[in-house]
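# Structural description and commentary
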Amino acid sequence: MLRRIQVGLLAVSLAHFCAVQASAQERYDLVIHGGRVIDPETSLDAVRDVGIRGGQIVAVTEKALSATRVIDATGLVVAPGFIDLHQHDLSPAGVRIKAMDGVTTALELEIGPPDVRKFLDARQGHMLINFGTSASHPWARNTVMGKGAAEEGELVPRAGPVTDNPATLEQIHRMQQHLRDELNAGGIGIGMGISYTPGASRQEIIEMFRVAAEYAVPVYVHMRGNRLEGVGEMIAAAAVTGASLHIVHINSSCVSDGPECLRMVAGARGQGLDVTTEAYPYIAGMSQINSALFNPGWREKSGLDYSDLMIPNTGERLTKERFEQLHASPKPQAIIIFNNKQEVVDEVMSNPLTMIASDGFPGHPRNGGTFAKVYSQYVHDRRTMTLMDAIRKMSYTPAVRLEKSTAAARKKGRLQTGADADVVVFDPEKFRDQSTFEKPDVPSTGVRYLLVNGTLVIDGGTIIEGIAPGRALVGNKGR
Ligand SMILES: [Zn+2]
């Protein structure tokens, strides 16, 4: 009898022991072991284990953690996944090249789509990485001023009366209502491409900023193409309305005046205005050749000539005749614009105010290479930027920019307990851009693992097929 009881007790305690072992193992869905963990918000830069459960980071510790799947990150950098505030190609296929560049959230904030609800619904449940969009002023103007639907592949409304004519006050009010509807549908900012809508008056612009202030979302703006004056116009609109302002691609909007434009941004911030900016690390921009950017007088305004324009993938430089043929065509042909100098780009990129954003679209190397290029060029090769500063510009400061308008951003851009498990793990010797102006759509190398909401989307350098863990970031006042 005694013997039987003893055996029974032994069985119970063994079962208990096994249960404890099993639960210790199951505490994490996944562990990233022994990598160099970077968290810009807390300035953590140390070898740590990262435990992930239920899509969140639940442990960052010096202790070795165990799980069914342990990724050995010895010698690798473990950082918050990059947040690209400015990505135009958000097709399910298009975001694969972003993932290879370390991006876990890609947002179309500059121009925005013609219809926010359609844009979000089409992607929900189909995206490799997180996504979101602004409410679009150019498309609101397009709707109100009477043009029909967008052409296939058209990023911005083509030049014509809808972009070039001034709007009546009644039309401006209808644009405002259109933007409110788009924000209610989930937009996380107002996107303005004022270079593409030269008919927009100062008043029209200010009225759009008023809607942004009403919804407490930033205006993401490609300002008019006159550098300091453009920055001045935007800062004035932010000051008189109370709207937050984000100036997109300050490198290509201000070109050689970039450093001075950044001093204006710093000055506005010093006066208490919420003004931020971004840049991409290339000496050329890209646009659509039949847009209003190339309205008569563009050469005088920009100081550029036909031969500064190149057709993507072909290397063909334009002549006057070729330009006129393409500009008059309804086909939305992309065009590379060589408009900047390397030393100006370098100075703009290293400014602490500059966030990294790609303005990505197929045909320009920035689409696939922006984030790896910032790392490989400035951190690895030239050592003009620290790893911490680069990661901050690529993840944390973009998350902070987004926080006011979408609560989801408070859990992004951080490698901390409680943050979403959006994580990039890259090889510091191999993380490098591969896309060039000649061959623009080649994915970057060196991202070994990428997690989106706790799900591995890149495993051992290869994209996992058939999964879609990306979620929409939507506005606080939206759905
Ligand atoms: Zn732009």
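Higher on the page you've got the structure.
Residues numbered from 1 in each chain as written. Predicted model: local features only at pLDDT ≥ 70, side-chain atom pairs only at ≥ 80, totals over all residues. Heavy atoms only, no water.

### Concerning the overall build of the chain
Across its full length, the chain carries 15 helices and 21 strands. Computed over the C-alpha atoms, the radius of gyration of the chain is 24 Å, within 12% of the 23 Å expected from 2.2 N^0.38 for a compact globule of 479 residues. Taken along its principal axes, the extent of the C-alpha atoms in the chain is 100 × 45 × 45 Å. In the chain, the proportion of contacts linking residues at least 24 apart, taken out of those at least 6 apart, comes to 74%. Here the chain displays about 19000 Å² of accessible surface, and carbon together with sulfur accounts for 53% of that area. Seen as two clouds, the 50 positive and the 53 negative side-chain charges of the chain have centres 5 Å apart. (Helix = DSSP H or I, 4+ residues; strand = E, 2+ residues; numbered from the N terminus. Rg over C-alpha atoms; globule rule 2.2 N^0.38 Å. Contact = heavy atoms within 4.5 Å. Areas by Shrake-Rupley, 256 points an atom, 1.4 Å probe, with all protein chains shown as cover. Lys, Arg positive; Asp, Glu negative; His and termini not counted. Charge placed at Lys NZ, Arg CZ, Asp CG, Glu CD.)

### Describing the coordination of the zinc ion
All of the protein donors around the zinc ion are Glu110 (OE), His222 (ND1) and His249 (NE2); their distances to the metal are 1.7 to 2.3 Å. For the zinc ion, the single-chain donor residues occur in sequence as E-x111-H-x26-H. In this pair, glutamate 110 is assigned in the loop between β7 (103-108) and α3 (116-123) and histidine 222 in strand β11 (residues 219-222), connecting sequence segments 112 residues apart. Overall, glutamate 110 belongs to the buried group, its relative accessible area being 3%. (Donors = N, O, S within 2.8 Å, 3.2 Å for Na, K, Ca; no water. Buried < 20%, exposed > 50% of the residue type's maximum accessible area, 1.4 Å probe, protein only.)

### Observations regarding the state of the cysteines
Summed over the entire model, instances satisfying the criterion amount to one disulfide. The disulfide bridge from cysteine 254 ends at cysteine 261, spanning 2.1 Å between sulfur atoms. The chirality of the disulfide connecting cysteine 254 with cysteine 261 is left-handed, given an S-S dihedral of about -95°. Take cysteine 254 and cysteine 261: they sit in the same class, and that class is buried. (Disulfide = S-S within 2.5 Å.)

### A closer look at the sheet that holds strand β15 (residues 309-310)
Spatial strand order, β14-β16-β15: three strands in an open sheet with antiparallel pairing. Taken across any chain shown, the strands that pair with only one partner, and hence form the sheet edges, are β14 (284-288) and β15. The pairing of β14 with strand β16 (residues 334-338) spans five bridges and is antiparallel. Residue pairing in the sheet places alanine 284 in a bridge with phenylalanine 338 of β16. (Pairing = 2+ DSSP bridges.)

### Digging into the environment of threonine 417
Within the secondary structure, threonine 417 sits in the loop between α15 (387-403) and β18 (423-426). By relative accessible area, threonine 417 is classed as exposed at 53%. For the pair threonine 417 and isoleucine 57, spaced 360 residues apart in sequence, the C-alpha separation works out to 5.1 Å. With residues up to four places along the chain from it excluded, the contact list for threonine 417 reads Ile57, Val58, Ala59 and Val60.

### Brief notes about the pairing of strand β19 (residues 447-452)
Of all the six residues making up β19, five are buried; the element is thus mostly covered by neighbouring parts of the structure. With four bridges joining them, β18 and β19 adopt antiparallel strand pairing. Paired with valine 423 across the bridge in β19 is leucine 451. Alignment of β19 against strand β20 (residues 455-459), held across four bridges, turns out to be antiparallel.

### A few points about unusual backbone geometry
Glycine aside, residues mostly have negative phi angles, and peptide bonds mostly take the trans form. One non-glycine residue, valine 255, adopts positive backbone phi at about 35°. Position of valine 255 relative to the elements: it lies in the loop between α9 (250-254) and α10 (258-270). Phi at arginine 383 is positive, roughly 55°, even though this residue is not glycine. Within the secondary structure layout, arginine 383 lies in the loop between α14 (366-381) and α15. Note on arginine 383: relative accessible area 71%, which makes it exposed.

### Structural notes on the packing of α14 against α15
When two helices pack together, you describe them by how their axes are tilted relative to each other and by the distance separating the axes. One way to put it is that α14 packs onto α15 with a least axis distance of 10 Å and a crossing angle of 160°. Here α14 is positioned roughly antiparallel relative to α15, judged by the angle of their axes. Both α14 and α15 take part in a crossing whose hand is right-handed. Contacts between α14 and α15 involve Phe371, Val374, Tyr375 and Val379 from the first element and Leu387, Ala390 and Met394 from the second. Taken together, the residues of the contact of α14 with α15 break down into seven nonpolar, no polar and no charged. (Axes fitted to C-alpha atoms, helices over the stretch in contact; angles between N-to-C directions. Parallel < 35°, antiparallel > 145°, perpendicular 65-115°, else oblique. Left-handed = near helix turned anticlockwise from the far one by under 90°. Nonpolar A, V, L, I, M, F, W, Y, C, P; charged D, E, K, R; others polar.)

### Things to note about the nonpolar core
Core analysis: the biggest nonpolar cluster contains 84 residues, and Phe82, Met192, Phe209, Leu245, Ile250 and Phe426 have the highest contact counts within it. Setting aside residues up to four positions removed in sequence, leucine 245 forms contacts with Phe209, Val219, Val221, Met234, Ile235, Ala238, Asp274, Val275, Thr276 and Arg401. Listed in part, the 19 residues of the second largest apolar core include Ile52, Ile71, Ala73 and Ala419. (Core = buried A, V, L, I, M, F, W, Y, C linked by side-chain atoms within 4.5 Å.)

### Things to note about the sheet that holds β7
Strands pair in a sheet through their backbones, by hydrogen bonds, and they do so in one of two ways: parallel or antiparallel. The strand order across the open sheet built from three strands is β6-β7-β8, with neighbouring strands paired in parallel fashion. Two strands in the sheet have a free side with no partner beyond their single neighbour: β6 (82-84) and β8 (130-133). When the angles between neighbouring strand axes are averaged without regard to direction, this sheet yields 15°. Both β6 and β7 contribute to a ladder of three bridges, which runs parallel. Residue pairing across strands places aspartate 84 opposite alanine 106, the latter belonging to β7. Its contacts with the sheet put α15 on β6 and β7, and the angle it makes with β6 is roughly 60°.

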